[in-house]
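Take a look at the letters that make up each chain.
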Amino acid sequence: MAEYKGILVHCEVAEGKLTSMATELLGGGRKLADDLGEPLSAVLIGSGVAGLAQEVIAFGADKVYVVEDALIKDYQTDPYIMVMEKITKEAMPQVIMLGQTSIGRDLAPRLAFHLSTTANLGCLELAVDTETKRLLQTKPVYGGNALAIFISETDPQIATVRAKAMSPLEPDPARKGEVITVDAGLAPSLIRTTVLEKVPEEVAGIKLEDAEVVVAGGRGIGGPEGFQQLEDLAKLLKGAVGATRPPCDNGWVPTGQQVGLTGKIVTPDLYIAVAVSGASQHMSGCSGSKNIIAINKDEEANIFREARYGVVGDWKKILPAFTEKLKELLAG
Amino acid sequence: MANVIVCVKQVIDPEAPPASFKIDAAANKVVPPTGISPVLDPYAEYAVEAALKIKDTVGGKITAVSLGTGQLRDVVKKPLSMGADELVLLEDEAFAGGDSWSTAYALAMAIKKLGEYDLILCGREASDWNAGQVGSGIAEILELPSVTLVKKIEIIDGKARVERATDNGYEVIEVSLPALLSISHEIGEPRYPTIKGIMAAKKKEPISWAPGDIGVEPSQIGVAGRRTKLTKLFQPVREGKCEIIEGESPEDAGANLAKRLREAKIL
Ligand SMILES: Cc1cc2nc3c(=O)[nH]c(=O)nc-3n(C[C@H](O)[C@H](O)[C@H](O)COP(=O)(O)OP(=O)(O)OC[C@H]3O[C@@H](n4cnc5c(N)ncnc54)[C@H](O)[C@@H]3O)c2cc1C
């Protein structure tokens, strides 16, 4: 039996571009490959993605597998499993890295069971154990209350990595690598799902994940009107509005604004949490922020254990005065 | 009519204050907080709610399956009190201490024994290990199609039409039945148990299956069946130095916060 060797990164493409998740994985994957002294390969799956292969190499890959087929233009579980199985057999990687995205969350576990191996989802860190050469996979568990380090006992070792946990390399357009085109060879009859429609959520202004300032509201905001005030502050600071889960569940804000374990991961310079209790599942999505500011009426709230500055009191009184004063200071 | 199987489990209350969360680092184990009762896993509850919504519209039967040891009756019977019809427990010690592999395998074998089903529902991830894999694993073992992160389900012409949450919106997917769906919170708040439901649940005896009853390989379940090793469990260190900004009034404190952030060159 051939030996499992090297790292394989699944690169997601959105609107014809490599996603930031993909370049982060390539950066992290490159480092792991160098630590192991083994090659870094990547796989591009879709339709019209071949043109991105050179860019994948520029971001650190030694080898890029390109699989194109109209049947895999959009993500679907069955055909992607078939393609990834084929690429895994060809590349024989000992590690497969995917993004902790709506695609990776679906693909990684099913692929792991399909290949009789294991996956760990939502890793923050991957490192090579110097003794065993196995991958040490660190991920939050218990909603972020604890961290666990897992080792898989079977190959390939599959991990999804959270957004912003790894850094992309500066792309080097002169970097050389090999591009291998693989025929998808899909049998349409084996695809048991049909994507009928894709409904994108419209977000006006700066994207939450990219914003340098995030103003986040919790259940204590009480309704959509309150979020308008957060919107005003976000606009002043050229930031975006985020939320805990209850405001999303209640329809005060779109679900895409949820920050946390089961929402978006943000790492802004400034995270202003208003009427947010600081549950571990929420903090799991924002604890990488440089500065957390809390406004909460409960001085015992967990958010004050995580914040750098805080005000204890009713946000309805504190926030307008805060925004007013900032306006004045920023103008002056 | 739809036959729906829902996988549920008991967990430490994930909404307990983070300060109450403790681990025994030497044993790599979580210490259950004293005085805080365990609960049904929240995402499992969303899955039960999804099953009930299906039953509300097309009728049918809901069977909950729960794997775990030391399960409190009040907790694991919650699906029944919400409106599920049957409860199957896999609570033999041999099932304990597993990972996604051994758990999915045992659940898949129990589901096989149950036989007829149109849909299997799981939560998208349990609140303890946040593995997010058991649903997909069951589907793979039973060779069923799967859709994850599901936020809406309709049964139309012998197929399921579901909405799947994606990173930037959602997609509408049609999937043949039987299928496995893992459920996200957008499905809607789980309903409260009714008095009638609670009474019915009290009277209902759960079915309990041992490994031998579902024909599992002993080497493939519980600790023995693990393919991942937990090498270390620890709590992240929080620096936790929060400077509380005061003021004569809340408004004043708000203004002082703005000044302080400016001084500290954060803004
Ligand atoms: C598996 C799992 C995954 C989850 N994923 C996520 C996730 O991704 N993101 C997420 O956010 N949650 C998630 N949750 C839910 C999470 O556990 C909490 O329930 C949620 O984050 C609480 O939101 P909150 O802080 O807005 O609400 P609460 O905990 O109810 O807190 C509201 C806060 O507002 C304060 N407040 C109220 N009124 C005022 C006022 N007038 N002025 C000032 N302060 C006020 C209160 O003191 C309180 O601290 C998840 C849960 C589970 C089990």
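Thresholds, definitions, all that
Residues numbered from 1 in each chain as written. Chains lettered and ligands numbered in written order. Predicted model: local features only at pLDDT ≥ 70, side-chain atom pairs only at ≥ 80, totals over all residues. Heavy atoms only, no water. Phe/Tyr/Trp six-rings, centres within 6.5 Å; stacked < 30°, edge-to-face > 60°. Helix = DSSP H or I, 4+ residues; strand = E, 2+ residues; numbered from the N terminus. Buried < 20%, exposed > 50% of the residue type's maximum accessible area, 1.4 Å probe, protein only. Lys NZ or Arg CZ within 6 Å of the ring centre and 35° of its normal. Domains from an automatic or database assignment. Salt bridge = Lys/Arg side-chain N within 4 Å of Asp/Glu carboxyl O. Core = buried A, V, L, I, M, F, W, Y, C linked by side-chain atoms within 4.5 Å. Contact = heavy atoms within 4.5 Å.

Colleague: Please clarify how the packing of aromatic side chains should be interpreted in this entry.
Modeller: The relative placement of two aromatic rings is captured by the distance of their centres and the angle of their planes. According to the stated counting rule, one finds seven aromatic pairs over all chains in the structure shown. Ring centres of Phe150 of chain A and Trp129 of chain B lie 6.3 Å apart, and the angle between their planes is 65°; this geometry places the pair in the edge-to-face category. On the criterion of chain membership, the pair formed by Phe150 of chain A in strand β10 (residues 146-152) and Trp129 of chain B in the loop between β8 (119-123) and α5 (134-141) is interchain, its members lying in two chains. Summarising the aromatic geometry, the rings of Tyr43 of chain B and Tyr46 of chain B are spaced 5.4 Å apart at their centres and angled 40° between planes, so their arrangement reads as tilted. Taken as a pair, Tyr43 of chain B and Tyr46 of chain B lie in helix α1 (residues 42-58) at a separation of three residues, close to a single helical turn. One exposure class covers both Tyr43 of chain B and Tyr46 of chain B, and it is buried. Through pairs of rings, three or more aromatic residues link up here, namely Tyr142 and Phe150 of chain A together with Phe21 and Trp129 of chain B. For Lys113 of chain B, the ring lying beneath its charged end belongs to Trp209 of chain B, and the centroid distance is 5.1 Å.

Colleague: Even after reading the chapter, I still don't get the domain arrangement of chain B, so can you show me in this structure?
Modeller: By a frequent convention, interface size equals the accessible area lost on bringing the separate parts together. Partitioning chain B into structural domains gives domain 1 (2-225) and domain 2 (237-267). With centres defined by C-alpha atoms, the gap from domain 1 of chain B to domain 2 of chain B works out at 44 Å.

Colleague: What am I meant to see in the pattern of salt bridges here?
Modeller: Side chains that differ in charge, positive against negative, can pair when their charged atoms come close. Throughout the structure, instances matching the rule amount to 29 salt bridges over all chains. For Glu328 of chain A, the salt bridge identified is with Lys325 of chain A, shortest N-O distance 3.2 Å. Of this pair, Glu328 of chain A and Lys325 of chain A both sit in helix α9 (residues 315-331), three residues apart, which is roughly one turn of that helix. Given a relative accessible area of 18%, Lys325 of chain A falls into the buried group. Glu49 of chain B serves as the salt-bridge partner of Lys53 of chain B, at 3.1 Å between the closest nitrogen and oxygen. Of this pair, Lys53 of chain B and Glu49 of chain B both sit in helix α1, four residues apart, which is roughly one turn of the helix.

Colleague: Explain the nonpolar core here, please?
Modeller: As a rule of thumb, soluble globular proteins bury nonpolar side chains together. Grouped together as the largest cluster of nonpolar side chains are 37 residues, with contacts concentrated most on Val4, Val6, Leu121, Ile153, Val162, Leu181 and Ile183 of chain B. Ile153 of chain B has contacts with Ala50, Ile54, Leu121, Arg161, Val162, Leu181, Ile183 and Ile187 of chain B, leaving out every residue within four places of it along the chain. Within the second largest apolar cluster, 33 residues are counted, among which are Ala234, Trp252, Leu270 and Ile272 of chain A.

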